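Report on the structure
Spelled out from the first residue to the last, the chains are:
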Amino acid sequence: MGIFNKINKIFAKKDDIETNVDNKKKIKESKRTTQENKIISEKSSTVKQLSTESTKKKNENDSNHKIESKLDKTLSKTREGFFNKMKFFFSGKNKVDSDFLDQLEEMLITCDIGVSTTIKIIDLVERYVSKHKYVDQDEVKNILKEQIKNLLDVNEPNLSDSQTKPYVILFVGVNGVGKTTTIAKLANFLKNNGKKVLIGAADTFRAAAIEQIDLWAKKINTPIVKQKMGSDPAAVTYDTIQSAISNDFDYVIIDTAGRLHNKINLMTELEKISSTVRKITNFPPNEVVLALDASTGQNALEQAKQFLKSTNVTHLALTKLDGTAKGGVVISICDQLNIPIKYIGVGEKVEDLQLFDKSKFVESLFN
């Protein structure tokens, strides 16, 4: 019996050893499997992240291409007028002399760039030519391109990153320039960028103005604060901003009466609206945007100058840029007013609004 007990113990010990070995193998295999799964998961996560980043980059590239393509189409009339004149001008000319510069000056003026700005461009070209004796036509074109970019270099605009909330934008401009349509386009633009937008119908002098902005608000599904015709515009502004604060809106866009520079009462009303904004938010309006009709060319520039005599304009919105060959006015507006063009209308659809980009504008013009 003693011998058999010893044998049984030996076999039992052997079984225990084998069981321990098997368990250790299983644990080791389990750890290896877990580690392999972790590596696979990490690789999968990396691939997924790279794929997401690639898709995001592709979407951004597609979006940029779409914007540039739309801008090219918008400026087609201006570009055709500009370069048809330029092509005719440069043909048969072999040297850059005083006659050449005189004729170049005339050509730029006829492209609606304006006398004052044209003279500035010619002076800069002349200075360059005097330093570099041998200049060909292509080099002159490049000089023009760079000088125009420099003249457009007025505070490159972008979507505000201001900490003030709501961010208040006041729109001013005479009737018929596309002010109300631009407000709707901007509200839609901001909404598509994930912002909460509230419109205030403070143009209470015309019943048609309230109806127009209300129709646009319904079309783009954006809330609006309005009162009846003849109401106090400052009161409408007050209600709009109070509502925006209560409901955590990011942006408030206020439409004001189409005012002419000689309508003193309207200018006084605008100051009341600005004071109301300051009273509630402790800040003046973040932007006072003057809407100008690009199709009126140099008249738009003169209109802006008159507004600036009595209104603190911070930004410009250039409308109807797609329907005119007078896009050269953009250059003289930036040069003479030193106020950034922030928004440009590039078509009739509600999505046809872009932030003005001087580099893209010039590249499109010289494309």
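For the structure itself, consult the block above.
Just so it is clear, the structure is predicted and the values come from calculations on it, not from any experiment.

**Focus: the pattern of salt bridges**
Working definition: two side chains of opposite charge can pair if their charged atoms are close together. Inspection of every chain in the model, using the stated rule, returns 13 salt bridges. Note that Asp250 and Lys165 form a salt bridge whose closest N and O atoms lie 3.2 Å from each other. With Asp250 in the loop between helix 8 (233-246) and strand 4 (251-255) and Lys165 in the loop between helix 5 (137-151) and strand 1 (167-172), the pair connects residues that are 85 residues apart, well separated along the chain. The network of salt bridges with shared partners includes Lys145, Lys149 and Glu363.

**Let's talk about the packing of aromatic side chains**
Inspection of the entire model under this criterion finds 2 aromatic pairs. Ring plane angle 55° and centroid distance 5.4 Å describe the contact between Phe356 and Phe361, whose orientation is recorded as tilted. You'll find Phe356 and Phe361 in the same group, each marked buried. Sitting above the plane of the Phe249 ring, Lys196 keeps its charged end 4.7 Å from the centroid.

**Side note on a nonpolar patch on the surface**
Residues Ile109, Val115 and Ile119 make up a contiguous nonpolar surface patch of about 220 Å² in total accessible area. Counting through the fold element by element, Val115 comes out in helix 4 (residues 115-131). Looking at Val115, the relative accessible area reads 48%, which means it is partly exposed.

**Quick look at helix 8**
The end-to-end C-alpha separation of helix 8 is 20 Å, in line with the 20 Å expected for 14 residues at 1.5 Å each. Buried within helix 8 are the following residues: Pro233, Ala234, Val236, Thr237, Thr240, Ile241 and Ala244. An end-on view of helix 8 places all buried positions within 155° of arc, on one side of the element. In this structure Asp232 caps helix 8, since a side-chain oxygen of it lies 3.1 Å from the backbone nitrogen of Ala234. Immediately beyond the C-terminal end of helix 8, within one or two residues, lies Asp248, with a positive phi of roughly 60°.

**So, the packing of helix 6 (residues 179-192) against helix 7 (residues 207-219)**
Each packed pair of helices is defined by two parameters, the angle between the axes and the distance between the axes. Interhelical geometry of helix 6 versus helix 7 gives an angle of 20° and a closest axis separation of 10 Å. One element, helix 6, and the other, helix 7, form an angle in the roughly parallel class. Where helix 6 crosses over helix 7, the handedness of that crossing is right-handed. Side by side, helix 6 and helix 7 meet where Thr180, Thr181, Ile183 and Ala184 of the first sit next to Gln212, Ile213 and Trp216 of the second. Of the residues belonging to the contact of helix 6 with helix 7, the class tally is 4 nonpolar, 3 polar and no charged.

**Observations concerning helix 4**
Between its first and last C-alpha, helix 4 extends 25 Å over 17 residues, near the 24 Å set by a 1.5 Å rise per residue. Within helix 4, the full set of buried residues consists of Thr117, Thr118, Ile121, Ile122, Val125 and Val129. Taken end-on, helix 4 shows its buried residues confined to a sector of 135°, consistent with a single buried face.

**Some thoughts on the environment of Leu353**
Along the polypeptide, Leu353 turns up in strand 8 (residues 353-355). For the pair Leu353 and Lys70, spaced 283 residues apart in sequence, the C-alpha separation works out to 10.0 Å. Ignoring anything within four residues of it in the chain, the contact list for Leu353 reads Thr182, Lys185, Leu186, Phe189, Tyr343, Ile344, Gly345 and Val346.

**With respect to unusual backbone geometry**
Although it is not a glycine, Lys320 sits at a positive phi angle of roughly 60°. Looking at the element boundaries, Lys320 is found in the loop between strand 6 (315-319) and helix 11 (329-337). By relative accessible area, Lys320 is classed as partly exposed at 35%. Unlike most non-glycine residues, Asn338 shows phi in positive territory, near 55°. Inspection of the secondary structure assignment puts Asn338 in the loop between helix 11 and strand 7 (341-345).

**Section: the pairing of strand 2 (residues 197-201)**
With 5 of 5 residues buried, strand 2 is to be regarded as a mostly interior element. Burial along strand 2 is two-sided: the face carrying Val197, Ile199 and Ala201 and the face carrying Leu198 and Gly200 are both buried. Sheet topology note: the strand 2/strand 4 ladder contains 5 bridges and is parallel. Counterpart to Ala201 in the pairing with strand 4 is Asp255. In terms of strand pairing, strand 2 meets strand 3 (residues 224-225) through 2 bridges, oriented parallel. When the sheet's bridge partners are listed, Ile199 is paired in strand 3 with Ile224.

Analysis parameters
Residues numbered from 1 in each chain as written. Predicted model: local features only at pLDDT ≥ 70, side-chain atom pairs only at ≥ 80, totals over all residues. Heavy atoms only, no water. Salt bridge = Lys/Arg side-chain N within 4 Å of Asp/Glu carboxyl O. Helix = DSSP H or I, 4+ residues; strand = E, 2+ residues; numbered from the N terminus. Phe/Tyr/Trp six-rings, centres within 6.5 Å; stacked < 30°, edge-to-face > 60°. Buried < 20%, exposed > 50% of the residue type's maximum accessible area, 1.4 Å probe, protein only. Lys NZ or Arg CZ within 6 Å of the ring centre and 35° of its normal. Patch = residues over 30% accessible without salt bridge, like charges linked within 9 Å, V, L, I, M, F, W, Y side chains within 5 Å. Areas by Shrake-Rupley, 256 points an atom, 1.4 Å probe, with all protein chains shown as cover. Expected span 1.5 Å × (residues − 1). Arc of directions from axis to C-beta. Polar contact = N/O pair within 3.5 Å; in protein donor to acceptor, adjacent residues only side chain to side chain. Axes fitted to C-alpha atoms, helices over the stretch in contact; angles between N-to-C directions. Parallel < 35°, antiparallel > 145°, perpendicular 65-115°, else oblique. Left-handed = near helix turned anticlockwise from the far one by under 90°. Contact = heavy atoms within 4.5 Å. Nonpolar A, V, L, I, M, F, W, Y, C, P; charged D, E, K, R; others polar. Pairing = 2+ DSSP bridges.

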